[in-house]
Amino acid sequence: MFKTIENRIDTIFVHVSDLERSIKWYSELLGLQVREGNHIGPVYTLNMGDRRPGITLDNHIFEENYKFIPSNQPLFNLSASDINAAFAHVTKMGAEIVTEIIIHPDLEEFSFKDPDGNILMVCTCIS
């Protein structure tokens, strides 16, 4: 069967109001180095590893009538091997916690906001 659209995700867009601030914040969150150069926009992609989708921060700098509206639901989840360590890291960064750690039969998760109010989630699968 011919597929016109591949069944993979190349990047996830996160819309932000201040690209420089978001680059620093997401890089700290994920333990990544900020690439050298001028980061005025409109986009900056965080490398999430080989054969994995990236996270592209987009400030819409060239869209004159763009109105930023933060996501009120988790945009995606990030994985953590230790949910308590991840929660401590996010809390230390000063992120607004949306949900404390919730334990389900097969995973543990919590949600928090990025500097623009977008909601993100961290999950740990329980085997």
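Just above, that's the structure.
Note that this is a predicted model, so its numbers are computed, not measured.

Calculation rules
Residues numbered from 1 in each chain as written. Predicted model: local features only at pLDDT ≥ 70, side-chain atom pairs only at ≥ 80, totals over all residues. Heavy atoms only, no water. Helix = DSSP H or I, 4+ residues; strand = E, 2+ residues; numbered from the N terminus. Contact = heavy atoms within 4.5 Å. Buried < 20%, exposed > 50% of the residue type's maximum accessible area, 1.4 Å probe, protein only. Pairing = 2+ DSSP bridges.

**Some words on the environment of Ala86**
Position of Ala86 among the secondary structure elements: in helix H2 (residues 83-92). Taking C-alpha positions, Ala86 is 9.9 Å from Glu109, a pair spaced 23 residues apart along the chain. With residues near it in sequence (within four places) discarded, Ala86 still touches Ala80, Phe110 and Val122.

**Comments concerning the pairing of strand S2 (residues 43-46)**
Successive residues of a regular strand alternate their side chains across the two faces of the sheet. In S2, alternate side chains face the same way, and those of Tyr44 and Leu46 are buried while those of Val43 and Thr45 on the opposite face are not. The pairing of S2 with strand S3 (residues 54-58) spans four bridges and is classified as antiparallel. Bridging across to S3, Tyr44 finds its partner in Leu57.

**Considerations on the environment of Glu28**
For Glu28, the location among the structural elements is in helix H1 (residues 19-30). C-alpha of Glu28 to C-alpha of Val122: the two residues are 94 residues apart in sequence and 15 Å apart in space. With residues near it in sequence (within four places) discarded, Glu28 still touches His89 and Met93.

**Quick word on the pairing of strand S7 (residues 119-125)**
Among the seven residues of S7, six are classified as buried, and the element is accordingly described as predominantly covered. For strand S4 (residues 77-79) and S7, the ladder comprises three bridges, and the chain directions are parallel. In the sheet register, Leu78 faces S7, and the bridge partner there is Val122. Pairing of strand S6 (residues 107-113) with S7 involves seven bridges; the strand directions are antiparallel. By the bridge assignment, Glu108 is partnered in S7 with Thr124. Two successive antiparallel strands, S6 and S7, enclose a turn made up of five residues, where Gly117 displays a positive phi of approximately 95°.

That is the geometry; function is a separate question.
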